[in-house]
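Below are the chains, spelled out letter by letter.
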Amino acid sequence: MRKEGVKEDNSSDGDGYMNEEELTGSDEDESEDDEDEDIATEGNNGKLAKKEKNAHSAPDAKTKRKRQDAMPQDGVYTAEVYKSNMFKLQLDELLEQVKPKYGKKEASAERAMRTLKTLIEQIPSRGPLSIPEAEKLFKSSKIAIPFPKPLPPKDAKYKLQFERPASVNATGSYPLKISTRTNEELVIDMVVTMPGSIFQEKDYLNYRYFYKRAFYLACIVDGLMSSKDHKFKISYDCLNGNYLQPIIIVRPSGDGSADDFSSAKCRIQILLAAPDKTFPDNKLRPNSNCVRPKVSEEESTKEKVSPTPFYNATVQSDSSVTAYLKLLHSSSSNCDSYKDACILGRVWLRQRGFSSRLRKGGFGNFEWAAMIALLLQSNHGAGPSPLSPGYSSYQLFKATLQFLANKDLLKTPYLFQASDVQAPKHDSAPFFFDGPRNLNILYKMTPWSYARLRHEAKLTVQMLGETGFDQFEPTFILKVDSPVLRYEAVVEIPVASLGFNPTSDEYDQSLIQTARKMYTTLARALTDRVTSISINLPAEKNWSVMSTRPQENGGNIVVSIACDPANANRAVDHGPAAENKKEAAAYRQFWGEKAELRRFKDGSILESVVWSAKDTKSPILEQIVSFILRRHFGSQVGDQMRVSGDSFAHMISSGRIAGQSGVVPFVPLMNAFAALEKDIRNLEGLPLQIRHFFAADPQLRYTSVNLPTSTVQSLMHTPASIVIQFEGSGRWPDDLSAIQRTKIAFLLKIGELLSTYRSTYTTRIGLENQSQPSQNQAYLEIILPSGPSFRLRIHHDREAALLERQLKDKSLDGISRESAALALAAYKRNYLRVPSHTQTVQTLCTRFPALSPSIRVTKKWFSSHLLSPHFAPEFIELLVIRTFLQPHPWPVPACATTGFLRTLAWISRWDWRHVPLIVDLGSSGPEGADSKANAMKSEEINKIRTRFEAWRKIDPALNRVVLFAATNNDVEGTTWTDGAKPEKVVAARMTALARASMNVLKQEEDRLASLLEGGAEGEKKQPAFVPDSLFISNLQDYDFLLHVSPDFARSNKRLPKSKFKNLEIQQSIQANNDVQSVAYDPVETYATELRAVYGDSILWFWDSESLDVIAGLWNPTMTGQRAWKIKAGWNSLPLVSSKNKKNRNEEEKAEIKLNKEATLNEIARLGSGLLERIEMK
């Protein structure tokens, strides 16, 4: 099972203790039986008794549950509890892979922890000291006290002191065995509980607790640094990025000493905790104020102070470490699947970029574990518990996601055993209040992180609710938070442009407040255009113990925006009516000079904002973001910020979505098609009435790379294919050749009647497949006076029955039956599959605005890498359609860039040798109401997979079917890929190019990460991403290149500029209005001829859009030496081999090999006048 991208969140999470024996060298630390794990903590008055083992559940019930888990489970039961049997196997393997192996590598870290425990307990008492005395204490050792800002006053009356800690224990996920292995270092937490004697009753006020806490931490650092026998690398950091809670980071010295724990690949975090109930609960409630302003007594009585929920929760979190230890441990004792559910949640959060750190969302491993633990308990007066201890790990995981998705904790707070607590009115954090422990466990979350958490939870619940396809990989394996794949626009704002002073006391608060203002401003400006706005602030770093605070190096604020495809490109925003004076004034104040009063067709007069849809350089979303940030955050921000969105749309003409649809550029052709259908149906004199009139061309399903531009002065170069079918008649001949002649007669009659009905129409008959009499022989080309051109073919259903009869006729020779098989496949493809596919894609392109430009950009990528001759356009379209109908784990793409890049990402992961491409065309996407009604059933999907496996058994060498693509309309799966289209080497190149493209995008992700880390320095190391680089093909991989003359290449068809404008227009009309130029492409005809003649010995590649170079690879099976024979079938060069010669009298054996030079000369002669030169490698 693949598990790339599965990483752990290294932020600390105080969710469990290691027992006292484990820190003092007990042999029980390797035991895998969690039921025998005892907890020992020390409070203010000594050690707590070891009671956790039997305090919560009866041993008989637990033993019974364990025996049930150990027994083989029935398949039906497993499917109900774990979604499917396969899903359970995948979950089991995932859990096995990500759980750390508690063995010898971790033993060195545990020895280091025991050493640290001993050193900390030996530190002598200090104080009580005043603030100046405390600062002087460490001058000799140059240890800095990490006081939070604002700094303590020099004349403070309270004293700082250090006393022996009440307890030193390991805590977090490591001792509870719910941590996960990653490529990064493992985090092991040690909690030092400060004695209650160093605190006073009102230390919770005005940062007094945090000043005493910082001094206590500095004393520990000084004690560790002064030890001569033990060496560690020590630095400061903030617990989860909270500047009020500095912690100590201990890393191995790397000197190979007894204390060196480099082999464990981990770091130890020393956290500080206050004894339980150090301060009164009512003083630390979210509605209380604990930071009093410095005013006189008279002013304090008049002024109403606002609550300080974040400050209060930070103090309370330090006092609740022991309480949450007991909560989580009891949950793991009462619920067997609790630990596995915590691990699944860790993986899910990590893959989506969530962390307990403030600047990474404020929701991480501890919050997930604590939420499950609380939801497992019943809330008095609120009915049964939301989660049941009997749930499996998957059921716990999914039910927790459902709670997050369905419960809006901003509007409806969740109060656990705390009916008398109210959420602060102006606090923007979600409210999940744990009454017994007096803490809102989500106090670190921001509005945007909570909105994104709910959005991701909704997407995952929808994904897990689908029964047809296995959603294990998008749920747990894929890295979902990739900005280039997840979001439609990214805004980079240098922090320096905001004018903050990094050394000021208010820097952290100002940065958070600005981010909140930026979020509310963008959310108000973008309204329903967006579905998600995520703000990433510069990352914090640990710092030296010789400085009080880290040096802020600026960095960038990165705003990521996910769009709603239905509304993202709306040109006009409607505001309040003119009669609503107050709302209208606020609207004008927000938008400034951009707001204007407009009257609309329905008679309403509204305040409005209008954006330019004609600006091809700046999409509407970019215009809004640039304007609103400049207006509300200053011109300096507007000048220095960088907005990137839909960066690949410029690769095709009209690539940006216009209005609410991406098919607008194709409207003129579709109107011409409708007019032609109406004219043909109105013809009088046809022997039979027309039953069906089908479109069967990429141009008519909005997916051609180049737009079908046509005017009176410029005819459409490539005719669009259409298919008509007459009503049934018994007068049709019963012979295939005669049917083809009858078709020609019908086409001649249609052309004659159409020219009479519309004298401005130009019609002509064309012939095709003349060497294959069983296939279609003719078409009618129709050129409209307005420019569009069409190719009309006739579908007669009797052909299929006659071809099937030939296939079953064993009296026919093999060649005839093979010809019939090819003709039948062509019949089904051209007359059944293509029209059906066209109709389906037409519907999907109107349903998903970004589908059409996404397909066109993807086809452009295939053509740019010379792959388009090997892939049917319908197959490429199915690749992109899958991204829209099965978009998980992301929402439906809203622009061409995300649709294209997600398709490339899937191609790079697709193991086409063992996995078929199955596209459920009956689904309308994850948000469609009728998706389940029309979706493919599990039985249908299993039948397709069975057919795929049968093909792999029949053709294990992949000589005939390399790629397998099935849909509701084509369960056979080989319509677009039969006949080695593409061949194995071409399919492998497609995968390699997609993976190389993903590597380039990974560099862009690294650049964005560097902006958060260090700003300009990181940006210099990582150059800006150039989208065009993904469309540049390396021609050095081919054996030879045929360079087409610029006079014939499509990319170089430019008319010479005339000195006079009227002559230039005349030249253009003469060049483009020639009827003979329609469908005339000598280079494409030449390339097709080369593949037909030399396809066995040479693999051909070209860009069907530019046709400026044709590349070739020699077939290694043909270029090798082989025994000479008559009529080898290719230009050969004789050789004399003597390797098998035993004596001089033995006759020499003649061998031959491909004559490459003569073959290239033949190719040059065929392309005489078309080729400029031939380049050999």
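Please read all numbers here as calculations on a predicted model, not as lab measurements. (Residues numbered from 1 in each chain as written. Predicted model: local features only at pLDDT ≥ 70, side-chain atom pairs only at ≥ 80, totals over all residues. Heavy atoms only, no water.)

(A) Representation of the overall build of the protein. The secondary structure content of the protein amounts to 36 helices and 33 strands. Taken over 1177 residues, the protein has a buried fraction of 54%. Contacts in the protein between residues at least 24 apart in sequence constitute 73% of all its contacts with a sequence separation of at least 6. Accessible surface for the protein amounts to roughly 52600 Å². Of this, 49% is attributable to carbon and sulfur atoms. (Helix = DSSP H or I, 4+ residues; strand = E, 2+ residues; numbered from the N terminus. Buried < 20%, exposed > 50% of the residue type's maximum accessible area, 1.4 Å probe, protein only. Contact = heavy atoms within 4.5 Å. Areas by Shrake-Rupley, 256 points an atom, 1.4 Å probe, with all protein chains shown as cover.)

(B) Layout of helix α18 (residues 507–526). Relative to the 28 Å expected for 20 residues at 1.5 Å per residue, α18 spans 28 Å between its end C-alpha atoms, a close match to the ideal helical length. Taken together, the buried positions of α18 are occupied by Tyr507, Asp508, Leu511, Thr514, Ala515, Met518, Tyr519, Thr521, Leu522, Ala525 and Leu526. Where α18 terminates, the next one or two residues include Thr527, which has phi positive at roughly 45°. (Expected span 1.5 Å × (residues − 1).)

(C) Main features of the packing of helix α8 (residues 208–225) against helix α10 (residues 309–319). The interhelical angle for the contact between α8 and α10, taken along N-to-C directions, is 45°, at an axis separation of 11 Å. Considered as vectors, α8 and α10 are oriented oblique to each other. With respect to the hand of their crossing, α8 and α10 are arranged in left-handed fashion. Contact residues: α8 offers Arg208, Tyr209, Phe210 and Arg213, while α10 offers Tyr311, Thr314, Val315 and Asp318. (Axes fitted to C-alpha atoms, helices over the stretch in contact; angles between N-to-C directions. Parallel < 35°, antiparallel > 145°, perpendicular 65-115°, else oblique. Left-handed = near helix turned anticlockwise from the far one by under 90°.)

(D) Region of the structure containing the pattern of salt bridges. Counted according to the given criterion, the structure contains 52 salt bridges. With its nearest N and O atoms 3.4 Å apart, the salt bridge here joins Asp508 to Arg359. Here Asp508, found in helix α18, pairs with Arg359, found in the loop between α12 (338–351) and α13 (365–375); they are 149 residues apart in sequence, far enough to count as distant. Residue classification places Arg359 among the buried residues on the basis of a relative accessible area of 9%. One salt bridge in this structure joins Glu781 and Arg791, with 2.8 Å as the shortest N-O distance. Remark: Arg791 occurs in strand β24 (residues 789–795) and Glu781 occurs in strand β23 (residues 778–783); sequence separation between them is 10 residues. Of the two residues, Glu781 and Arg791, both sit in the buried class. Connected through salt bridges with shared partners, the residues Asp237, Arg357, Arg359, Asp508, Glu540 and Arg549 form a single ionic network. (Salt bridge = Lys/Arg side-chain N within 4 Å of Asp/Glu carboxyl O.)

(E) Structural view of the packing of aromatic side chains. A full pass over the atoms with the stated rule returns 54 aromatic pairs. For the pair Tyr209 and Phe210, a centre-to-centre distance of 5.2 Å together with 70° between the ring planes defines the contact as edge-to-face. Under the relative-accessibility criterion, Phe210 is labelled buried at 0%. Clustering of aromatic rings is evident, with ring pairs tying together Phe147, Phe199, Tyr204, Tyr207, Tyr209, Phe210, Tyr211, Phe279 and Tyr311. Above the ring of Tyr487, the side-chain terminus of Arg486 is found at 5.2 Å from the ring centroid. Over the aromatic face of Trp543 sits the side chain of Arg549, whose NZ or CZ is 5.7 Å from the ring centroid. (Phe/Tyr/Trp six-rings, centres within 6.5 Å; stacked < 30°, edge-to-face > 60°. Lys NZ or Arg CZ within 6 Å of the ring centre and 35° of its normal.)

(F) Structural view of the nonpolar core. One finds Phe726, Phe790, Leu792, Phe875 and Ile881 to be the most contacted residues of the largest nonpolar core, which totals 116 residues. It is helix α25 (residues 814–847) that provides the largest number of residues to this core, a total of 9 residues. (Core = buried A, V, L, I, M, F, W, Y, C linked by side-chain atoms within 4.5 Å.)

(G) Up close: the confidence of the model for the protein. Residues at a pLDDT of 70 or more form 86% of the protein, whose mean pLDDT is 84. Below a pLDDT of 50 lies the segment residues 1–77, which in the model reaches 175 contacts outside its immediate sequence neighbourhood of four places, other chains included. Overall, residues 1054–1059 carries pLDDT values under 50, and its contacts beyond four positions in sequence, including any with other chains, amount to 7 contacts. (pLDDT = per-residue confidence, 0-100.)

(H) View of the environment of Tyr216. Following the sequence through the fold, Tyr216 ends up in helix α8. Separated by 53 residues in sequence, Tyr216 and Glu163 place their C-alpha atoms 8.4 Å apart. Dropping the residues within four chain positions of it, Tyr216 is found in contact with Gln161, Phe162, Glu163, Arg164, Pro165, Val192, Met194, Pro195, Ile198 and Leu272. There is a polar contact of 2.7 Å between the side chain of Tyr216 and the backbone oxygen of Glu163. (Polar contact = N/O pair within 3.5 Å; in protein donor to acceptor, adjacent residues only side chain to side chain.)

(I) Highlighting the environment of Asp1081. Residue position: Asp1081 is located in the loop between α33 (1061–1072) and α34 (1082–1094). Measuring from C-alpha to C-alpha, the distance between Asp1081 and Thr718 comes to 9.2 Å, with 363 residues separating the pair along the chain.

(J) Spotlight on a nonpolar patch on the surface. On the surface, Leu748, Ile765 and Leu767 cluster together to form a nonpolar patch covering roughly 260 Å² of accessible area. Mapped onto the secondary structure, Ile765 falls in strand β22 (residues 762–767). (Patch = residues over 30% accessible without salt bridge, like charges linked within 9 Å, V, L, I, M, F, W, Y side chains within 5 Å.)

(K) Layout of the sheet that holds strand β18 (residues 605–610). If you walk across this open sheet you meet the 3 strands as β16-β18-β17, and the pairing is antiparallel. Of all strands in the sheet, those bounded by a partner on one side alone are β16 (572–577) and β17 (595–599). Adjacent strand axes in the sheet meet at a mean angle of 40°, parallel and antiparallel pairs treated alike. Bridge count for β17 against β18 is 5 bridges, and the pairing is antiparallel. Residue pairing across strands places Leu597 opposite Glu607, the latter belonging to β18. Where helix α19 (residues 581–591) meets the sheet, its contacts fall on β16, β17 and β18, and the angle it forms with β16 comes to roughly 145°. (Pairing = 2+ DSSP bridges.)

(L) Summary view of the pairing of strand β9 (residues 266–273). Of all the 8 residues making up β9, 8 are buried; the element is thus mostly covered by neighbouring parts of the structure. On β9, burial covers both faces: Cys266, Ile268, Ile270 and Leu272 on one face and Arg267, Gln269, Leu271 and Ala273 on the other are all buried. Bridge analysis of strand β8 (residues 246–251) against β9 gives 3 bridges, and the strand direction is antiparallel. Along β9, the bridge assignment pairs Ile248 with Ile270.

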